[in-house]
Amino acid sequence: MSRRTKVGVTALVAVALTLTACGGPSKTDSGLKGAENTVGQADINPQDASKVKDGGEFRWPVDQLPDNWNYNQLDGTNADGRRMIDTMMPNLYKQLADSTIEINKDYLEDAKLASKDPQVLEFKINPKAKWSDGTALSWQDFEAMWKSLNGTNKDYSVAGTTGYEDIEKVEKGATDQDVKVTFKKKFAEWKGLFSPLYPKSMSSSVEEFNKGWADKPKVTAGPFKIGTIDLTGKVVTVVRDDAWWGDKPKLDKITFRQVDRPAVADALANGQIDFFDIGSSIDNFTKARSMQGVTIRQAITPDYSHITFNGADSSILKDAKLRVALMRGIDTKTITRALLGQMLKGDAQVTGNHFFLLGTKEYKDNSSIASFDKEAAKKQLDELGWKLEGETRKKDGKELVIRYVIPTPNPVSDQIAKLVQSQLKEVGAKIDIQAVPSTDFFKQYVNVGNFDMTGFRWLSSATPISDGKGIYYLDPTSTNQNYGHIGSEEINKLLDQANGELDDAKRAEITNEIDKKIWEIGHQLPLYQLPGAVAVKSNVANFGAVAFANRPYDYIHMGFTS
């Protein structure tokens, strides 16, 4: 299943799967922690810099190379692309394992909320920070980025406008490295803005923003820089940038290599890569446990699997009541047990919230309106006029045939789709599974709404409310990340309210109300949260199961102990 990052102010292919039965066992006496795991506890083999050797190449498997090196462009939000981009582009903040956020001193000397009414931010850029073309990072980079992402010019094909649309102006402070950002509407999760930061040259024109960075990044400012981009071999290498002003990276080079998900375990065993995400693969989990020199590390991760529905007029699922009825015919607990049950010590638990994940204090299960009830699903479909004729329902002479698009090769996506197909057949809906190449999956299908149902994984962050706005906000003039074009004016207003609420408790309360509304209109069906398990070579230091500390990963201190 592909993974896509949620872009608020800031989709990955799941791994191979072997099941002994459709449902699989619900628990095992040995294995990974389930929902009882604790948020904030990373498992990364932490080592002092003196114990990490200088040099070496870290080999990182990816599902695909970036469709665009501009992360804020609609095609650029692939999670693997973000990981590459973060090695060379400025992140103003570091997201820590416990989901708190701190200033990244490599780029900022200070950042503060200077005023609450009106809301004003003041950033002081590290004077050592320079772009690879020699120019210093400045307030103009912030201004150009805001102008491209604030939604006023619809020619910019943006993945999201959240936060930027609430800014009134970006100004120069006392020097070019002092930035003053004034809001016209309050915006709570402002620490996610302007990351990754891009140079003024990229944001200053529509053509450059949309297409100029499609093939490669042109200007960088990070501990690494591009070494090679080999589209034929499907490999990207990044190497130390000697112009970097911060701590010297331990690694000489990071090689990102596209590896099909069914092949990652063998690639690790053969020494072609240094780790892989286990995801929801009992097969790869079992293989990793038997590998010499490999350790399985685990930490709760903001990474969950779901099914997206298409509510556009062109889709058979444009009726919200039909979508909810179908959700009631999908047994998410059976799917979750099938994929995770054999790996966990405890029970596998489904995810009942679109914003807050298991283990967080804000989490509430709001899924009751769409919870599995086969008989209720049949009754609702009858009431909607979809009458059973043979094995498949019809309405006005049209069969209830739903096109479910999945990436391939992808055993997990295939398994989920087939389970859904089997379950919905029992309520009279026919699922037509269409497997498309993984490299085309987002760009030619998901991004453009070319599906009735589809599935991938969302990678969330420490700013889940603003990250989620572009997914659940319905803007008739821009898709953002609302690929199924589903929403309502009520949800839009509540999202605006939540994103403008500076009180954390009140913001969480409003967000849980939004979540209930999202369930009511059949937007997306969360399935399960990943256990966060990683198979990694035992001599790898300061890397593994990082919990929330993935924006950015600690590329500077990761390396090898021997």
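Enquirer: Which residues make up the packing of helix H13 (residues 489–499) against helix H14 (residues 504–520), and what are the values?
Expert: At their nearest, the axes of H13 and H14 sit 9 Å apart, and the two run at 160 degrees to each other. Compared by their axis directions, H13 and H14 come out roughly antiparallel. Here the hand of the crossing between H13 and H14 comes out left-handed. Across the interface between the two elements, Glu490, Ile491, Leu494, Leu495, Gln497 and Ala498 of H13 pack against Arg507, Ile510, Thr511, Ile514, Lys517 and Ile518 of H14. Split by residue class, the contact of H13 with H14 holds 7 nonpolar, 2 polar and 3 charged.

Enquirer: So what's going on with the layout of surface pockets? Which residues, and what values?
Expert: When its volume is computed, the largest pocket comes out at roughly 840 Å³. For the largest pocket, the lining is made up of 30 residues, of which Ser99, Glu189, Ala462, Asp504 and Arg507 are closest to its centre. Per-element accounting of the lining of the largest pocket gives the leading share, 4 residues, to H14. Tallied by class, residues from the lining of the largest pocket come to 16 nonpolar, 7 polar and 7 charged. The space that makes up the second largest pocket amounts to roughly 570 Å³. Lining the second largest pocket are 27 residues; nearest its centre among them are Lys94, Pro552, Tyr553, Asp554 and Tyr555. For the lining of the second largest pocket, the residue count by class is 15 nonpolar, 6 polar and 6 charged.

Enquirer: Outline the pairing of strand E18 (residues 401–408), supporting the account with residue identities and numerical values.
Expert: Here E18 runs beside strand E19 (residues 430–437); their pairing, made up of 8 bridges, is parallel. For Ile406, the partnering residue across the bridge sits in E19 and is Ala435.

Enquirer: Account for the environment of Gly311, with residues named and values stated.
Expert: By the element assignment, Gly311 lies in the loop between strand E14 (303–309) and helix H7 (320–327). Along the chain, Gly311 and Asp277 lie 34 residues apart, while their C-alpha atoms are 32 Å from each other. Leave out the neighbours within four places in its chain, and Gly311 touches Leu317, Lys318, Arg323, Gly484, His485 and Ile486.

Enquirer: Kindly report on the sheet that holds strand E15 (residues 387–389), identifying the contributing residues and their values.
Expert: Strand order across the open sheet formed by 3 strands is E15-E16-E17, with antiparallel pairing between neighbours. Looking at strand neighbours, the two that pair on one side only are E15 and strand E17 (398–399), the edges of this open sheet. Summarising the sheet, strand E16 (residues 392–395) and E17 pair through 2 bridges and their orientation is antiparallel. Paired with Lys394 across the bridge in E17 is Glu399.

Enquirer: Explain the side chain of Asp274 to me, and be specific about the residues and the numbers.
Expert: Residue position: Asp274 is located in the loop between helix H5 (264–269) and strand E12 (275–277). Within the local environment of Asp274, its side chain forms a polar contact with the backbone nitrogen of Arg59, the two atoms lying 2.7 Å apart. What Asp274 contacts, discounting residues up to four positions off in sequence, is Glu57, Phe58, Arg59, Leu268, Ala535, Val536, Lys537 and Phe560.

Enquirer: How would you explain the sheet that holds strand E6 (residues 119–125) if you had to name every residue and give the values?
Expert: With antiparallel pairing, 4 strands are arranged side by side in an open sheet as E5-E6-E8-E7. Edge strands, defined here as strands with exactly one partner in the open sheet, are strand E5 (108–116) and strand E7 (167–172). Across the sheet, the mean angle from the axis of one strand to that of its neighbour is 15 degrees, orientation sign disregarded. Inspection of the sheet shows E6 paired to strand E8 (residues 178–183) by 5 bridges, in the antiparallel sense. Among the inter-strand pairings, Leu121 is bridged to a residue of E8, identified as Val181. The sheet contacts of helix H2 (residues 139–149) involve E6, E7 and E8, and relative to E7 the element is tilted by about 160 degrees.

Enquirer: I'd love a proper account of the packing of aromatic side chains, names of residues and values included.
Expert: Counting across every chain of the model gives 29 aromatic pairs. Relative to Phe275, the ring of Trp60 has its centre 5.2 Å away and its plane inclined at 90 degrees; by these criteria the two rings are edge-to-face. In this pair, Trp60 sits in strand E2 (residues 57–62) while Phe275 sits in strand E12, placing the two residues 215 residues apart along the sequence. An aromatic cluster is present here, built from Phe58, Trp60, Phe256, Phe275, Phe543, Tyr553, Tyr555 and Phe560 joined pairwise through their rings. The lysine or arginine in question, Lys469, covers the ring of Tyr473, its NZ or CZ lying 5.0 Å from the ring centre.

Enquirer: Describe in detail the nonpolar core, supporting the description with residues and values.
Expert: Residues Phe276 and Met453 are the most contacted members of the largest nonpolar core, which totals 86 residues. Broken down by element, this core gets its largest block of residues, 6 residues, from helix H10 (residues 411–425). Ignoring any residue separated from it by four or fewer positions in sequence, one finds Met453 in contact with Ile307, Thr308, Phe309, Leu317, Ile330, Ile402, Arg403, Tyr404, Val405, Val420 and Ile431. The next biggest cluster of nonpolar side chains, apart from the first, holds 69 residues, and it includes Val62, Val158, Phe209 and Ile254.

Enquirer: If you had to explain the environment of Lys234 to someone new, which residues and values would you point to?
Expert: The residue Lys234 is located in the loop between strand E9 (224–230) and strand E10 (235–240) in this model. Note on Lys234: relative accessible area 37%, which makes it partly exposed. Linking Lys234 and Val62, residues 172 residues apart in sequence, is a C-alpha distance of 9.5 Å. Discounting chain neighbours no more than four positions away, the residues touching Lys234 are Leu65, Phe256, Arg257 and Gln258.

Cut-offs and rules
- Position labels on residues start from 1 in each chain and follow its written sequence.
- Reporting of local features is limited, given that this is a predicted model, to residues whose pLDDT is at least 70; pairs of side-chain atoms are given and counted only at 80 or more, and all residues count toward the totals for whole chains, interfaces and linings.
- Hydrogens and water are ignored here; the side-chain numbers use all heavy atoms of the structure.
- To obtain an axis, a line is fitted to C-alpha atoms, over the contacting stretch when the element is a helix, and the angle between two such axes runs from 0 to 180 degrees between their N-to-C directions.
- In DSSP terms, a helix is any run of H or I states spanning at least four residues, a strand is any run of E spanning at least two, and both are numbered starting from the N terminus.
- Any angle that falls under 35 degrees is termed roughly parallel, while one over 145 is termed roughly antiparallel, one within 65 to 115 roughly perpendicular, and all others oblique.
- Should the near helix be turned counterclockwise from the far one by less than a right angle, the crossing is left-handed, whereas a clockwise turn marks it as right-handed.
- Contact between two residues is taken to exist if any of their heavy atoms lie within 4.5 Å; hydrogens are not considered.
- Residues are grouped as follows: Ala, Val, Leu, Ile, Met, Phe, Trp, Tyr, Cys and Pro are nonpolar; Asp, Glu, Lys and Arg are charged; every other residue, Gly included, is polar.
- Here a cavity means grid points, on a 1 Å grid over the protein atoms only, where a 1.4 Å probe fits yet cannot get out; a pocket means an open set of points with protein on both sides within 12 Å along at least five of seven lines; lining residues are those with an atom within 4 Å of a point.
- Grid points are joined across faces, edges and corners, and a volume is the space filled by probe spheres set on the points.
- Here, strands pair whenever DSSP counts at least two bridges between them.
- A 3.5 Å cut-off defines polar contacts: any pair of N or O atoms within that distance qualifies, except that in protein one atom must be a possible hydrogen donor and the other a possible acceptor, and neighbouring residues in sequence count only when both atoms are side-chain atoms.
- The aromatic pairing rule takes the rings of Phe, Tyr and Trp, using the six-membered ring of Trp, and pairs them if the centres are within 6.5 Å, calling planes under 30 degrees apart stacked, those over 60 edge-to-face and the rest tilted.
- Here, over-ring charges are defined by two tests on the NZ atom of lysine or the CZ atom of arginine: distance to the ring centre within 6 Å, and angle to the ring normal within 35 degrees.
- Joining through side-chain atoms within 4.5 Å is the link that ties buried Ala, Val, Leu, Ile, Met, Phe, Trp, Tyr and Cys residues into a set, and such a set is a nonpolar core.
- Think of it in three bands: residues with accessible area under 20% of the maximum for their type are buried, residues over 50% are exposed, and the middle band is partly exposed, with areas taken using a 1.4 Å probe on protein chains only.

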